[in-house]
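Take a look at the letters that make up each chain.
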Amino acid sequence: MSGSQSDARAAVVEARYQMLAARFGDRFDAAAEEKLRADLAKLVEAAETLRSLPVANGDEPDFVFPPVRRDG
Amino acid sequence: MSVNDDHLSFATIRELGRMLRSGDTTPTRLAEHFLGRLETIGPELNAVVTITRERAMREAQLAEDELASGYDRGPLHGIPYGAKDLLATAGIPTSWGAEPLRGQVFSDDATAVKKLRDAGAVLVAKLAMIEMAGGMGYNQPVASLTGAPRNPWNRDSWTGGSSSGSGASVAAGLVPFAIGSETGGSILSPSSYCGLSGLRPSYGRVSRHGAMALCWTLDKLGPMCHTADDTGLVLEALAGYDPADGSTLRETYRYEPEHARALGFRLGVLRQGLDQVQPEVKANFEAACDALSNVATLEEVVLPDYPYGDVYALILSSEGAAAFEDLIEQGVISGLTAPEDRLGGYAGTTVTAVEYLRAMRVRRRINDEVDALLSRYDAVVHPASNTVASPIGVNFDVYAKPWSRRNALTSLGNLSGFPALSVATGFGERGLPTGMQIAGRVGSENALIAVGSAYQQLTDWHAQHPKN
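## Considerations on the interface of chain B and chain A
Here is step 1: Taken together, the contact between chain B and chain A spans 32 residues of the former and 28 residues of the latter.
Here is step 2: Of the roughly 2800 Å² buried between chain B and chain A on both sides combined, carbon and sulfur atoms contribute 63%.
Here is step 3: Across the chain B-chain A interface, the total number found is five salt bridges.
Here is step 4: R51 of chain A is the salt-bridge partner of E355 of chain B, the closest N and O atoms lying 3.8 Å from each other.
Here is step 5: Between chain B and chain A we count 17 residue pairs in polar contact (both at pLDDT 80 or more) in total.

## With respect to the layout of surface pockets
A water-sized probe rolled over the atoms picks out the places where empty space is left.
Here is step 1: Looking at the second largest pocket, its volume works out to about 650 Å³.
Here is step 2: As for the second largest pocket, its lining consists of 20 residues, and the residues nearest its centre are D62 and F63 of chain A together with Y203, T217 and S247 of chain B.
Here is step 3: Among the elements of the structure, α13 (353-374) and α15 (408-416) of chain B are those that each provide at least two residues to the lining of the second largest pocket.
Here is step 4: Take the lining of the second largest pocket: its biggest share by element is four residues, from α13 of chain B.
Here is step 5: Across the lining of the second largest pocket, the residue classes tally to nine nonpolar, six polar and five charged.

## Digging into the pattern of salt bridges
All names here are of chain B.
Here is step 1: With the rule as written, the count across this model stands at 33 salt bridges over all chains.
Here is step 2: One salt bridge connects E299 with R266, and the closest N-O pair in it is separated by 3.0 Å. Of this pair, E299 sits in strand β10 (residues 296-301) while R266 sits in strand β9 (residues 265-270), and the two are 33 residues apart along the sequence.
Here is step 3: The class of E299 is partly exposed, set by a relative accessible area of 33%.
Here is step 4: Connected through salt bridges with shared partners, the residues R55, E59, D109 and R117 form a single ionic network.

## A short note on the side chain of D242 of chain B
Residues and elements named next belong to chain B.
Here is step 1: Along the chain, the position of D242 falls in the loop between α9 (228-238) and β9.
Here is step 2: For the buried D242, no salt bridge exists, and the shortest N-O distance to an oppositely charged side chain is 7.6 Å, to K114.
Here is step 3: Once residues within four sequence positions are removed from consideration, D242 is found in contact with T111, S207, H209 and T248.

## Remarks on helix α7 (residues 164-171) of chain B
Residue and element names in this part refer to chain B.
Here is step 1: Counting buried positions along α7 yields eight of eight residues, so the element is predominantly enclosed.
Here is step 2: Along α7, the positions that sit buried rather than exposed are S164, G165, S166, G167, A168, S169, V170 and A171.
Here is step 3: Once α7 finishes, G173 follows within two positions and takes phi at roughly 70°, a positive value.

## Side note on the packing of aromatic side chains
Any pair of aromatic rings gets described here by the distance separating the centres and the angle formed by the planes.
Here is step 1: Within this structure, the stated rule accounts for 14 aromatic pairs over all chains.
Here is step 2: Aromatic pair Y138 of chain B and W158 of chain B: ring centres 6.0 Å apart, planes at 75°, arrangement edge-to-face. Highlighted residues: Y138 of chain B in the loop between β3 (122-127) and β4 (150-151) and W158 of chain B in strand β5 (residues 154-158), separated in sequence by 20 residues.
Here is step 3: One aromatic cluster is present, built from ring pairs that chain together Y17, F24 and F28 of chain A together with Y346 of chain B.
Here is step 4: Geometry around Y17 of chain A places R37 of chain A over its ring, the cationic atom sitting 4.4 Å from the centre.

## Notes on the sheet that holds strand β1 (residues 48-51) of chain B
Residues and elements named next belong to chain B.
Here is step 1: Spatially, β1-β3-β2-β6-β8-β7-β12-β13-β11-β9-β10 is the arrangement adopted by the eleven strands of the open sheet, whose pairing is mixed. Across the chains shown, the open sheet's two edge strands, defined by having one partner strand only, are β1 and β10. The mean angle between the axes of side-by-side strands here comes to 30°, regardless of whether they run parallel or antiparallel.
Here is step 2: One ladder, built from six bridges, connects β9 with β10; its direction is parallel. By the bridge assignment, F265 is partnered in β10 with A296.
Here is step 3: Running over the sheet, helix α3 (residues 27-40) touches β1, β2 (80-84) and β3 and is turned about 140° from β1.
Here is step 4: Docked against the sheet, α7 engages β2, β3, β6 (177-182) and β8 (220-225), running at close to 155° with respect to β6.

## Thoughts on the confidence of the model for chain B
Low-pLDDT stretches of the model should not have their predicted coordinates read in fine detail.
Here is step 1: Averaged over all residues, the pLDDT of chain B equals 96, while 99% of them reach at least 70.
Here is step 2: Across the assembled chains, the prediction reports ipTM 0.93 with pTM 0.97.

## Brief notes about the pairing of β9 of chain B
Residue and element names in this part refer to chain B.
Here is step 1: By the criterion of burial, β9 is predominantly enclosed, with five of the six residues buried.
Here is step 2: You can see the chain leave β9, run along helix α10 (residues 279-292) and come back into β10, and the turn it takes is right-handed.
Here is step 3: Bridge analysis of β9 against strand β11 (residues 379-383) gives three bridges, and the strand direction is parallel. Note that in β11 the partner of G268 across the bridge is V380.

Calculation notes
- Residues numbered from 1 in each chain as written.
- Chains lettered and ligands numbered in written order.
- Predicted model: local features only at pLDDT ≥ 70, side-chain atom pairs only at ≥ 80, totals over all residues.
- Heavy atoms only, no water.
- Contact = heavy atoms within 4.5 Å.
- Buried area = accessible area lost by both parts, 1.4 Å probe.
- Salt bridge = Lys/Arg side-chain N within 4 Å of Asp/Glu carboxyl O.
- Polar contact = N/O pair within 3.5 Å; in protein donor to acceptor, adjacent residues only side chain to side chain.
- 1 Å grid on protein atoms, 1.4 Å probe; cavity = no way out; pocket = protein on both sides within 12 Å on 5 of 7 lines; lining within 4 Å.
- Points joined across faces, edges and corners; volume = space filled by probe spheres on them.
- Helix = DSSP H or I, 4+ residues; strand = E, 2+ residues; numbered from the N terminus.
- Nonpolar A, V, L, I, M, F, W, Y, C, P; charged D, E, K, R; others polar.
- Buried < 20%, exposed > 50% of the residue type's maximum accessible area, 1.4 Å probe, protein only.
- Lys, Arg positive; Asp, Glu negative; His and termini not counted.
- Phe/Tyr/Trp six-rings, centres within 6.5 Å; stacked < 30°, edge-to-face > 60°.
- Lys NZ or Arg CZ within 6 Å of the ring centre and 35° of its normal.
- Pairing = 2+ DSSP bridges.
- Axes fitted to C-alpha atoms, helices over the stretch in contact; angles between N-to-C directions.
- pLDDT = per-residue confidence, 0-100.
- Right-handed = clockwise from strand over helix to strand, strands pointing away.

Dropping the structure here:
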């Protein structure tokens, strides 16, 4: 990973941690902050990996929206 | 019969059914027998949350009266069982394995419990589980309100999870069968670690209505038994379309062992990752393949190359965060037993919708390619778990360090929703069982059970039981 990619990932992780801190910050001590940053980094990296896989406009998500019409 | 009658304790559903119909025992005597074992041995293994004695004796008496009158509901009539404590049971606590939810009570039975009741099975216990079905990311066995679940084969080791109590209870002969659930290995892992036959059915085969949701598109319920054949008997009772769970399959499932093949199978053998499993696990798997070569042709297979773990992680973390949103928001998860579980749900709340949808789009591609692979075989075989059960007191990452914690076929199977049956293949270090998974296309449960039954005709690992 290049330095700029590494910086970008760190920035995303930091932004997401700040989202959590804004909502729940009073719950987290230093150890919790370290664990949460690690958890966030794993998910950010996973998302990056999937963005590197090509998908086309026609590749739909693996669920079907079932419109409802109740009997009666 | 005493509560130490090993034959009764470890009898299969079929054997117990014969005893009931021949008059060698009765449903109430069976219920008393297993209730006694649950009450004495269950707490030693941290396997039980609630013993449902009153309900059990009521259901057992009803079964007894019905059978005596000639009304036979089928193979499960009068057979005791345990339910993983994420299945709602009317008026009986359903804790989800979580200390803050110890007193949670629902007013109605889950569909799976109703179906077993309709089949005449007798609920004797709500069984221990890893809190929140492991969805908060536990990394060691002390992750339940009931304490560390102890493996009947070696009580200094854990059972596997999250269907920990289900695994321990069947293995120790406390119940003839149990219902577990799987999102990412929670039936296969305890089945493998405890030497059982455990079936993760196709996604949608069994209604999830009334079962705790961890991940709506990954969760499945399934039977954990002594034999592959018994899993078919239980699955037939559990399966079926449920309007309360829109994901359930409309096709009817019938277990028809009389029509099953006993040989002539075509099996794919997945050896990818075998360099990252314990030596005994690998050796026992290869021995199992040798045994299967008597009834099957075997051909090596390779999985399509995708980042299965990343797809799985994004889907599990975001759906789990949504499913437990209220508990996370209100801080209830701070009361969970494992320290890592008290923080495990937060990161998933930050996954974006676009990230989740990309994972679901890649998932569709994976599923199409995997189905094409599986369609060439009756089943594909691979170790069910990469190691034997780890010692209590040791983190999973630490124990698994020389090998890999993640089993590629288990991750893929849960992503794709295809079924897999775990069967015992022998023993590894510290006297603990090893297992093989027999996986196949969506809807192929009968083929998997046929392969498993053929294997269990050639071997006797499934018939071995721990000394209590």
